[in-house]
Every structure is written in structure tokens, then in C-alpha cells.
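Close look at the chain arrangement
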Amino acid sequence: MFSKILIANRGEIAVRIIKTCRKMGIKTVQVYSEADAGSLAVEMADEAVLIGPAPAAQSYLLADKIVEAVRQTGAQAVHPGFGFLSENAGFARRLRDEGIAFIGPNPEAIEAMGDKISSKKLAAEAGVSTVPGHMGLIETPEEAVRIANEIGYPIMIKASAGGGGKGIRVAHSDADMAEGFAAVKAEALNAFGDDRVFLEKFIVDPRHIEIQVLGDKHGHVVHLFERECSIQRRNQKVIEEAPSPLLDEATRAAMGAQAVALAQAVNYDSAGTVEFVAGQDKSFYFLEMNTRLQVEHPVTELITGVDLVEQMIRSAWGETLAFEQKDLKIDGWAIESRIYAEDPYRGFLPSIGRLVRYEQPEEGDQGDYTVRNDSGVREGDEISMFYDPMIAKLCAWGETREAAVEGMARALEDTHLSGLGHNVPFLAAVMDQNRFKSGNLSTSYIKDEFPDGFHGLRPTVEQERILIAAALAMHEVIAEQDGDPSDRTDWIVMIDKTPHGVGLSYDEDEEMILTLTGGGDIRLSDIDWRPGLAQFKADLDGEPFTAEVKRVADGFDIRHRAAKARVRVLRPHVAELYARLPEKVAADTSKIVLSPMPGLVVSIPVVVGQEVKTGETVAIIEAMKMQNILKAERDGVVKAVGAKDGDPVAADDVLVEFG
């Protein structure tokens, strides 16, 4: 077995690989950019080698730097993780030529599956179901329109070399096709240096289901069942689960057999994923093959007990698979939520900066569910603008899907981050939705359920009880600490502007009893909170909960899952005065364009004195590898420009002001 492995990646996947290497007794070398010098992965690895500046193109994407680090440290193999060089056939071939093991599939398999056009042809030849479409080269928009009419709308326009949600459009008409074809070709050329485009039938209300495969260098291939990845935003996965709530045993077996057949057709070794688009009727069609470890691999590990990173290492060493297909079975259900540094309340814009607080849920067996949290950052770390904004992959396992969903919701409750925007409230909202709980999923789920963006959810009756109880308990703790305990037994708890009458008493065990004016008692016990803590934990009528809390001038800001509110504990006569306060008028910001996030100014294509019409681009800001185009929301004349090309800007910096 290898004695030393170099990890050509960063963040949580680097940490994940190090953990398995430690378990196997293998030493690790972590390469890092200047931005990652103080990272958790660098701290955990046995050795670390600086390979360049922060931009990936000057560090993690440079094969020469990786090979040099291998030679410098005496590593015998390279694990590329995912992203960066993980699916670069040239890199895998270079390592082979240098006598360095690549912990991934052979370069020929990567090459065969890396091109979406050729991979679909190979899939068809291997007997894999493929979506009706046109795999040949298409030169002009007119030709694209003609072919689209032969296939039938709607049509997916896709870049052959695409990935990460880039280079994709859906056309519903000839006009859409002509416009979209040109746009995808341009995007593909800019993003991938390859403007080839192909067309395929767009499956209405589709689901994204993928099969995990695993092979060795001796011709053995198995599948480890499926993952459902239908909860997506901008074609990027957000929540994944295994198995899929759609599939029955027959469909699962058919998909698995086709995935294995395709892997065998290209002599695949190592871990890989065959992705399918599936109809609600359980029909399925080959989408693409990812010749690497997937971000969502933990859910497969949780339901099978197989360590995929370990199996990749053993395959690269030349070992034969230690199990056959008949040895594998599904045990329970697992869900993964990708926690990102992005603000769901501001259109999911990237949010970079320092992770001031990061409280993670306890991992391991929690009774009805099990928690796993793959994270590459710690409290105090900086989330860099140069890389993917993922903070963690939070996973929950349960014996049933219902248990896994509730376990994930509780794990999200126990996750607290501050210092930057994050999507935990959004993830919690999905877990609480009846549609998600029912398993009625599709790739349009987020667009369907949040058509106007995410603004949180209204508190349920049960959540109102949580907000009331938490606020009154904190109010009592603070009064006791201040030496001013009150003997009042009646309070008004305002949730935003809605008053709730509450009677307060204690039982013989000093547990709080709250009697609601609307009827019913609440028993609050096992309170875990003191001033300064950001999480309030307690049992409400015997059920544990965690709420995120912040003390403010006239009360508390409290969030439970996706519901958040300003909550005030008031004497009845004070509550009457609050009801008379005038509404605060929002400031008029229509004359200014603010930067929605920290980032770099790519371009401000307007100048002072220029007339601008509604909808025209006034600034382009880059952050987290994404360009964000800001458009004018009104007609006007530019009065001032607050930044220039290449300037770093913070969130809410004024970019353009209109007269």
C-alpha cells in the first residue's frame, strides 16, 4: 500500500481524504495556495507545500506545481478530490508517465467520458438509455432551429465541455433556439475554450438521479445504488439523498445495470458516477458520467458502509474489489445539505469574509438519527472569494426517510454561523416543506416553491410557541442576572407586531409553565442558555429544540429553522403603547446601485453624465468564480461612479449614483 499520498485539492474534500488516509496509516502531503496557508487541511496533513498565489489558475490548476511537490516530498500517488484537475485526462496521463499513481480512473476512461457528445455515443453503444437529440456538430443557429424542429420542443442546448451549471439553456421556440444557441456557444468558448454545442430533448418536470459505480484494475465493476440530486439552483445541486424516493427495486436494478455496463465499456476503474435524467414515470436517460469522486458521496457511504475514498486508494494500488454486487445492500436513508457562504435573503449572492462563529452539530449517533459533517473550515477562518463558497456538507442518516429528514432539520437547528451570509435557513425551509417530505421532487423544485426568491417562512403554530417560550425564558434569565427579578405572572409577548398573552408560573421542579391566552400550556425544561450565547436550547413539552438568538435593544431576534422574528417581552400597558408607534418608512435607495456582495469590479460600463435606461448593465462584480451583472432599476442620468475596473468592493458599497 502507498505510504504517502499528495492531495491536489483544498477545503472540505482535502480534510475528508486526510481522515481516510489516517485510518489507513498513510501519510499525507497537502498542497496549498497563499490564501489557504492557515487552512484546516494544511494543519491536519503530515506535510504541506506552497504551490502559488490564491487564484486557482496560478496554483491548484498547475500540473507542473503538483508534480514538483510530489517529487519534493516523495509522495507515491496523487488524490485530486473533485474539481480542479480531477477530470483532466492530460494530468492523469502526465502522472502515469512520471511514474506517479493517480487516485482516479485511467486517462482513457476520463477522456472517453469527458466529452458529452462522445460519451453519449458510447452510452448508446453500451445499451444505455439516452435522451433523443443531436450529438453531431452544429455550426449555425439556422441549423440548430431545423434540428430542434425534428426533435420537438422543449430542447436543452448544452455545451459539450460544460460543467458546473454553465453553458446550458432551454429553448421552447425557434426564437429561443436561435438566441440560446449563440449564447451557449459564446459561454462555452469563454468558460471552457470549446464552443461545441449539442441539442437534446428537455424532459418536462425531470428528476436528477445518479448511480455510484466503483471499479478495480481487474475488470470488476459494481454499483452502490443511487442518489437523488433533484434539489438544484442554477443547475447546481443543493440537497442530495440516497436512496431516491422515486425508484422501485426494478428501476433501481435497471439503472444500476446500465451504469455498470457503461463503466465496463470504457474499462473504468476507481469511483465514478453515471448521471441520469428521470421522468416522474420512472423513465430514465443517460446524462453524463463524472469520472471522479462526487461532492455528495457521503450519503452513499452512509447507506452502504463503504468508504469510497478508501476504495479509490485501494483500486489505484491495484487491489481487487473486496466485495461483489450481491454483497451490497441499502441500509436506511441519508440526506446531505450543502452549506454555502451565500445570502438566501439577497438572491443567494455570494457572501465572503471571516467566519466569526461556527458552532457545529454533534456528530455521531443522536438517538433517532446520525449526524456527519464534512467541513474544511473552522471558526475564525476566512471564506475566500477565489474558490467555491462551500462551508460544509451536513449529512443525516435515519432508518427511514422520515427519520433522516427530521434528523437533518435538527442538525441544521444545531448549526450556527455568523460573520457572513449563509443558506442554513433556506435548507431548513426545504426540510419543513410538505412537498419535500412527500418525496415529490423535480429539478424545478426551488423555482416552483420559491418563485419570488427566499424570504424565510412564516412561523407555524408550533414555532410561535418556541419563539414565545425562548423569549420569555431569556427575559427571566437576564432579569435574574441583573438583580431585578419580577414577580409578574402575566406578560405580552410580541412576535413582530402580533401580541400573545402569556401567564408565567413554575412547577415544583422549577420548570417554566407558560399558559397562553389562546389556550393551552407550554412546559419548558432543560434550558441551556446564558447571555452572550447565540443558541438557545431547551425542551418544549419534552421535545428538544435549538433556536438562534440575538439580544437587541428592545427584545430578541430569534430564528427557528426558516422562521425568524423580532420578539419582545412586554408588560401589558407597554404593549398597548407599542401598538401606537408609527410605521418606519424605508429609505429611498432607488437612486443608487450598491454592491450586493464583497468582490472585485470587473467593469462599470457607464460614465458620469450618461443617460441610462431601465435594465441596462451598470456594473459587473466578480466573487466566488461567478460574475454578477447589476442592472439599472430606473431611467436616469449618472451623477457619480464610486469604483473603477479592478477595485475591490465591500457589500453595500455605492457603485453608481443617479441624479
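Placed above this text is the structure.
My aim in this report is to walk through the structure given alongside it, one point at a time.

Cut-off values and rules
- Residues numbered from 1 in each chain as written.
- Predicted model: local features only at pLDDT ≥ 70, side-chain atom pairs only at ≥ 80, totals over all residues.
- Heavy atoms only, no water.
- Phe/Tyr/Trp six-rings, centres within 6.5 Å; stacked < 30°, edge-to-face > 60°.
- Helix = DSSP H or I, 4+ residues; strand = E, 2+ residues; numbered from the N terminus.
- Buried < 20%, exposed > 50% of the residue type's maximum accessible area, 1.4 Å probe, protein only.
- Contact = heavy atoms within 4.5 Å.
- Salt bridge = Lys/Arg side-chain N within 4 Å of Asp/Glu carboxyl O.
- Polar contact = N/O pair within 3.5 Å; in protein donor to acceptor, adjacent residues only side chain to side chain.
- Disulfide = S-S within 2.5 Å.
- Pairing = 2+ DSSP bridges.
- Axes fitted to C-alpha atoms, helices over the stretch in contact; angles between N-to-C directions.

1. Focus: the packing of aromatic side chains
Counting across every chain of the model gives twelve aromatic pairs. Ring geometry for Tyr345 against Phe454: centres 5.3 Å apart, planes inclined by 45°, an arrangement best described as tilted. With Tyr345 in the loop between strand E16 (342–343) and strand E17 (349–350) and Phe454 in the loop between helix H15 (445–449) and helix H16 (461–481), this pair connects stretches of sequence that are 109 residues apart. A centroid spacing of 6.4 Å and a plane angle of 55° characterise the contact between Phe386 and Tyr387, whose relative ring orientation is tilted. Accessibility expressed as a relative area gives 33% for Phe386, which makes it partly exposed. Look at Tyr387 and you get buried, because its relative accessible area is 3%.

2. Comments concerning the environment of Glu336
Examined against the element boundaries, Glu336 turns out to sit in strand E15 (residues 333–340). For the pair Glu336 and Gly367, spaced 31 residues apart in sequence, the C-alpha separation works out to 18 Å. Sequence-distant contacts of Glu336, defined by excluding residues within four places in its chain, comprise Val238, Ile239, Glu240, Val295, Glu296, Pro298, Val299, Lys393, Leu394, Cys395 and Met408.

3. Brief notes about helix H7 (residues 141–151)
Among all positions in H7, only Ala144, Val145, Ile147 and Ala148 are buried. Positive phi appears at Gly152, one or two residues downstream of H7, with a value of about 100°.

4. What about unusual backbone geometry?
Looking along the chain, the bond that leaves Tyr153 and enters Pro154 is cis, with omega of 0°. For the peptide bond that leads from Ala242 to Pro243, omega is -5°, which places it in the cis range. Within the fold, Pro243 resides in the loop between strand E12 (236–242) and helix H9 (249–265). Even without being glycine, Ser270 reaches a positive phi, approximately 85°.

5. Side note on the pattern of salt bridges
Scanning all chains against the criterion turns up 59 salt bridges. In this structure, Arg10 and Asp36 form a salt bridge, with 2.7 Å as the shortest nitrogen-oxygen distance. Here Asp36 lies in the loop between strand E2 (27–33) and helix H2 (40–44) and Arg10 lies in the loop between strand E1 (4–7) and helix H1 (11–24), a separation of 26 residues in the sequence. A residue is classified by how much of its surface remains accessible, and Asp36, at 7% relative accessible area, is buried. One continuous salt-bridge network, built from bridges that share partners, spans Arg16, Lys23, Glu301, Asp307, Glu310, Arg314, Glu319, Arg372 and Asp374.

6. What about the side chain of Ser33?
Tracing the sequence through the fold places Ser33 in strand E2. With residues up to four places along the chain from it excluded, the contact list for Ser33 reads Leu50, Gly52, Pro53, Ala54, Ser59, Tyr60 and Tyr387.

7. Regarding the side chain of His560
Structurally, the position occupied by His560 is in strand E31 (residues 555–560). Assessed through its relative accessible area of 4%, His560 is described here as buried. Here the side chain of His560 touches Gln463 through a polar contact of 3.1 Å, side chain to side chain. Every residue in contact with His560, bar those within four places of it in the chain, is listed here: Glu413, Gln463, Ile466, Phe545 and Thr546.

8. A closer look at helix H10 (residues 297–304)
In terms of burial, H10 is a largely internal element, seven of the eight residues being buried. Once H10 ends, the next one or two residues include Gly305, with phi positive near 75°.

9. Concerning the state of the cysteines
Scanning the entire structure with this criterion turns up zero disulfides. Cysteine Cys21 remains unbridged, with the sulfur of Cys395 as its closest cysteine sulfur at 19 Å. We note that Cys395 lacks a disulfide partner, and the nearest cysteine sulfur, in Cys229, lies 12 Å from it.

10. A closer look at the environment of Gln433
Looking at the secondary structure, you find Gln433 in the loop between helix H13 (424–432) and helix H14 (434–438). Owing to a relative accessible area of 11%, Gln433 belongs among the buried residues under this scheme. Considered as a pair, Gln433 and Val549 are 116 residues apart in the sequence and their alpha carbons are 23 Å apart. Not counting residues within four places of it along the chain, the set of residues in contact with Gln433 comprises Tyr445, Glu449 and Phe450. Reaching out from Gln433, the side chain makes a polar contact with the side chain of Tyr445 at a distance of 2.7 Å.

11. Structural notes on the sheet that holds strand E28 (residues 521–528)
The strand order around the closed barrel formed by eight strands is E25-E26-E27-E28-E29-E30-E31-E32, and the pairing between neighbours is antiparallel. Across the sheet, the axes of successive neighbouring strands diverge by a mean angle of 35°, strand direction being ignored. With six bridges connecting them, strand E25 (residues 490–495) and strand E26 (residues 498–506) associate as antiparallel partners. Considered in E26, the bridge of Met494 is made with Pro499. Running over the sheet, H16 touches E25, E26, strand E27 (512–516), E28, strand E29 (535–540), strand E30 (543–552), E31 and strand E32 (563–570) and is turned about 140° from E31.

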